[in-house]
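Structure assessment
As a plain string of letters, each chain reads:
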Amino acid sequence: QVQLIESGGGLVQAGDSLRLSCTASGLTFSNYAMAWFRQAPGKEREFVVGISRSGIITDYEDFAKGRFTLSRDNTKKTVYLQMNSLKPTDTAVYYCAARAFPVTSRRSYDYSTWGQGTQVTVSS
């Protein structure tokens, strides 16, 4: 059974940091590019950041550049999203996604496997 399990969400204040984790099971993790998307209430799901299956190439949405860092540990089948200087506009459910392809994509329909999501709430 293929699964992606996210963790690390929570309620923080503006300016604080959080680290989200996404651990995969049931798939050959090193064959998959990984990404995080997020969805705020009343808005469409949007791309946040992606990482190639080797971990060499990353792609950040503009709002994430300079504040968020994505990394992966293929031995632990886990990706880590470090989020710093959080803003109230970062409030959303964050979803981890996997794509059986060498590099990431910004299109949600390119991803075959999704986690259940983890809530991030940033208060002002």
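Nothing here was measured: the structure is a model prediction, and the numbers come from that model.

Details of the pairing of strand β3 (residues 18-25)
Note: strand β1 (residues 3-7) against β3, five bridges, orientation antiparallel. Along β3, the bridge assignment pairs Gln3 with Ser25. Sheet topology places β3 next to strand β8 (residues 78-83); six bridges connect them, and they run antiparallel. For Thr23, the partnering residue across the bridge sits in β8 and is Thr78.

Some details on the packing of aromatic side chains
Counted under the stated rule, the structure contains four aromatic pairs. Aromatic side chains Phe37 and Phe47 sit 5.6 Å apart centroid to centroid with 75° between the ring planes, which places their arrangement in the edge-to-face category. Here Phe37 is found in strand β4 (residues 33-39), whereas its partner Phe47 is found in strand β5 (residues 46-51), with ten residues between them in sequence. Both rings, one in Tyr111 and one in Trp114, keep their centres 6.2 Å apart while their planes meet at 70°; by these two values the pair is edge-to-face. Overall, the relative accessible area of 5% leaves Tyr111 in the buried class. Every member of this aromatic cluster is reached through a ring pair, and the members are Phe37, Phe47, Tyr111 and Trp114. Residue placement shows Arg38 over the ring face of Phe63; its charged tip is 3.8 Å from the ring centre. In this arrangement the basic side chain of Arg45 is found over the ring face of Trp114, its NZ or CZ atom lying 4.8 Å from the centre.

The rules behind these values
Residues numbered from 1 in each chain as written. Predicted model: local features only at pLDDT ≥ 70, side-chain atom pairs only at ≥ 80, totals over all residues. Heavy atoms only, no water. Pairing = 2+ DSSP bridges. Helix = DSSP H or I, 4+ residues; strand = E, 2+ residues; numbered from the N terminus. Phe/Tyr/Trp six-rings, centres within 6.5 Å; stacked < 30°, edge-to-face > 60°. Buried < 20%, exposed > 50% of the residue type's maximum accessible area, 1.4 Å probe, protein only. Lys NZ or Arg CZ within 6 Å of the ring centre and 35° of its normal.

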